[in-house]
Amino acid sequence: MPGGIPMPISGAHVRRVAVIAFAALRLISYFINLPLLNGLCAVALLFVISQAIPKLEKVTRTVVLGLFALGALFLLLGQASFGVWLEAWLKNASIATMLICVPMLSMPFFYVDYQSELKIVTQTRMRTVFSFCALTAVCAHFLGVLISVGAVVIIYELFSPHAKMYNSEDTFLATLLRSYSSSGFWSPAWTSMALINTQLRVSWLSLIPVGLLFSAIFIGMDLASVFWKIRRHPQNFQRLEATAGATVDQRKLRAMLLLAVSLIGALILGNLLTPWDLLTIIPLVALLFPVAAALLQGHHQAYRQGMSQFYHKSLLSVQNQCALYTAAGFLGKALEAAGAGAVIPRLLPDWLVAYPVLMIGALLLLLILPALAGIHPAVIITVLLSAVTPAALGLDIMSLSLAMLTGCLLGTFLSPLTATSLVLSGLCGRPSWTLGFGLNKVFCLVSVVVFSILIAAIGPLLA
């Protein structure tokens, strides 16, 4: 240093360190349940959020502050104890930790220039937007079943450069959101599935066949919408021309496939061999898998470059997502503490009992609309299933189960404040409400109608 005077530590560096400290404390507190660790975690999160809020866009800042204000109002009216306030503040802390760590999952896929190979594959094998979206849909769905929201990161990082070649980024983003969300019909990792298993006592295995059927219909609806766009405006969807002499390097493709299988296998093994929840397994795999891949492949320099990019870019951009998700969890817990369960069933008029299709549609909207304000559908499902029985709604147990699964996945991908939209927002650099709601509002309304009819027809046959 000139003159021996140390350089001052920048505010950005302090914010990055605070994000790392919060994530580390949250992971440690999962394994060592001490009040002191929870307190330190809450303080670290408070610092991260307080630093993030002034730097949010005006609209986002208004939404976040509004969610916090409403949550605080409900907690004050309910005379909540300090413990409840702390629980509300840390409600989505595990999800925030996952959001912080999940960008590291894709690092091994950039140790080598796999993007160039995918570009050649796209130009030679998937020369139309429709075939590209079909591949995106299949990959996102099955990865979503296996590794939850981490699939959004992997598919986006691998495929987004090619969406730009078709001049169809919005179409790609819509397909990615919809096809990933379709995994909610039968994936055991979704909160809605866990709630149905525990509260309605419906076996996960019994839901797999109809879940696969509904997933295929949901993805088919998305691909039909892509086909319709192409037919209406063919001039907006260019067909790729293969570069003369371009050949696919099979060795690189096999290496990329092996990486994907290894990553999925690590997450599955963590799920099978440990009692840890998925929101803990994903950050741990995100920390360990890039290191293991770099050591085994000899890509030490690439790993250091990836971590440098993670530190300088991802850790700052993720603070916005953490602020939104913390605010949403805070309000959700506040509503639960204030006794929202007694109010929600009253929102369903008694006359709907005689019309199963309309009742199912009303249930779907009951899960979707609050999600737009940041109330996760799992919160509504919890209070609803604890307050009413299927018979009281005029439905059989399978119809209610399918309605809860469908409403949860629709609310999750339409809401701007769920992990799916926030992760994708951080990746593509666009406001989250321009993704879930902006790209899917019409598709969601059509889905409500289609699946209300399907559930009313198929549910009683499975009961």
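The coordinates are above.
Analysis parameters
Residues numbered from 1 in each chain as written. Predicted model: local features only at pLDDT ≥ 70, side-chain atom pairs only at ≥ 80, totals over all residues. Heavy atoms only, no water. Helix = DSSP H or I, 4+ residues; strand = E, 2+ residues; numbered from the N terminus. Rg over C-alpha atoms; globule rule 2.2 N^0.38 Å. Buried < 20%, exposed > 50% of the residue type's maximum accessible area, 1.4 Å probe, protein only. Salt bridge = Lys/Arg side-chain N within 4 Å of Asp/Glu carboxyl O. Phe/Tyr/Trp six-rings, centres within 6.5 Å; stacked < 30°, edge-to-face > 60°. Lys NZ or Arg CZ within 6 Å of the ring centre and 35° of its normal. Axes fitted to C-alpha atoms, helices over the stretch in contact; angles between N-to-C directions. Parallel < 35°, antiparallel > 145°, perpendicular 65-115°, else oblique. Left-handed = near helix turned anticlockwise from the far one by under 90°. Contact = heavy atoms within 4.5 Å. Nonpolar A, V, L, I, M, F, W, Y, C, P; charged D, E, K, R; others polar. 1 Å grid on protein atoms, 1.4 Å probe; cavity = no way out; pocket = protein on both sides within 12 Å on 5 of 7 lines; lining within 4 Å. Points joined across faces, edges and corners; volume = space filled by probe spheres on them. Expected span 1.5 Å × (residues − 1).

Visitor: Quick question: what am I supposed to make of the overall build of the protein chain here?
Guide: The secondary structure content of the protein chain amounts to 19 helices and 0 strands. Relative to the compact-globule value of 23 Å for 463 residues, the protein chain shows a C-alpha radius of gyration of 23 Å, a close match. In terms of its C-alpha atoms, the protein chain occupies a principal-axis envelope of roughly 75 × 60 × 45 Å. By residue count, 52% of the 463 residues in the protein chain fall in the buried class.

Visitor: For this particular structure, what's the right way to read the pattern of salt bridges?
Guide: Pairing between side chains of opposite charge can happen when their charged atoms approach one another. Applying the stated criterion across every chain yields a total of 3 salt bridges. A salt bridge links R430 to D170, with the nearest nitrogen and oxygen atoms 2.8 Å apart. Linking R430 in the loop between α18 (419–428) and α19 (436–462) with D170 in helix α9 (residues 169–181), this pair joins segments that are 260 residues apart in sequence. For D222, the salt bridge identified is with R178, shortest N-O distance 2.8 Å. Of this pair, D222 sits in helix α11 (residues 204–232) while R178 is found in helix α9, placing the two residues 44 residues apart along the sequence. Neither D222 nor R178 differs from the other in exposure class; each is buried.

Visitor: Looking at this structure, how should I read the packing of aromatic side chains?
Guide: Within a pair of aromatic rings, the relevant descriptors are the distance that separates the centres and the angle that separates the planes. Taken as a whole, this structure holds 16 aromatic pairs when the rule is applied. Seen from their ring centres, W85 and F330 are 6.1 Å apart, and the 55° between their planes marks the pair as tilted. Of this pair, W85 sits in helix α4 (residues 82–89) while F330 sits in helix α14 (residues 300–337), and the two are 245 residues apart along the sequence. A relative accessible area of 5% places F330 in the buried class. On the numbers, 5.9 Å between centres and 75° between planes, the contact of F185 with F218 is edge-to-face. With F185 in the loop between α9 and α10 (191–200) and F218 in helix α11, the pair connects residues that are 33 residues apart, well separated along the chain. Site record: aromatic cluster; members linked through ring pairs are F185, F214, F218, F413, F443 and F451. For the cation-ring pair, R178 lies above F443, with the distance from its terminal atom to the ring centre recorded as 4.0 Å.

Visitor: Hey, could you run me through the packing of helix α15 (residues 356–372) against α19 in this one?
Guide: Helix-helix packing is characterised by the crossing angle of the two axes and by the distance between the axes. At a minimum axis separation of 8 Å, α15 and α19 run at an interaxial angle of 150°. Classified by the interaxial angle, the pair formed by α15 and α19 is roughly antiparallel. The hand of the α15/α19 crossing is right-handed. In contact with P356, V357, I360, G361, L364, I368 and L372 of α15, α19 contributes F437, C444, V448, S452, I453, I455 and A456. Of the residues belonging to the contact of α15 with α19, the class tally is 12 nonpolar, 2 polar and no charged.

Visitor: It is not clear to me how the layout of surface pockets should be interpreted in this structure. Could you clarify?
Guide: Left-over empty space is what a probe sized like a water molecule reveals as it rolls over the atoms. One number sums up the size of the largest pocket: a volume of about 1000 Å³. Along the walls of the largest pocket sit 45 residues, with N92, I95, T191, L279 and Y325 positioned nearest its centre. Elements that contribute at least two residues to the lining of the largest pocket include exactly α1 (11–31), α5 (93–101), α10, α13 (278–297), α14, α16 (377–387), α17 (397–414) and α18. Here the lining of the largest pocket takes 5 residues from α14, the largest share from any one element. Residue classes in the lining of the largest pocket are distributed as 23 nonpolar, 18 polar and 4 charged. There is about 890 Å³ of room inside the second largest pocket. If you trace the second largest pocket, you find 36 residues lining it, with K313, S314, S317, G426 and L427 closest to the centre. Of all the secondary-structure elements, those providing two or more residues to the lining of the second largest pocket are α8 (150–165), α14 and α18.

Visitor: Where do I start with α9 in this structure?
Guide: An α-helix turns once per 3.6 residues; consequently, residues spaced three or four apart project the same way. Taking 1.5 Å of rise per residue, 13 residues should cover 18 Å, and α9 covers 18 Å from first to last C-alpha, within 8% of that figure. Along α9, 11 of the 13 residues are buried, which leaves the element largely enclosed by surrounding structure. Burial in α9 covers these residues: T171, F172, L173, A174, T175, L176, L177, R178, S179, Y180 and S181.

Visitor: How should I be thinking about α1 in this particular structure?
Guide: Counted at 1.5 Å a residue, the expected span for α1 with its 21 residues is 30 Å, and the 31 Å between its end C-alpha atoms agrees. When α1 is considered as a whole, its buried residues turn out to be A12, R15, R16, A18, V19, F22, A23, L25, R26, L27 and S29. If you follow the buried residues of α1, they end up packed against α2 (35–52), α5, α13 and α14.

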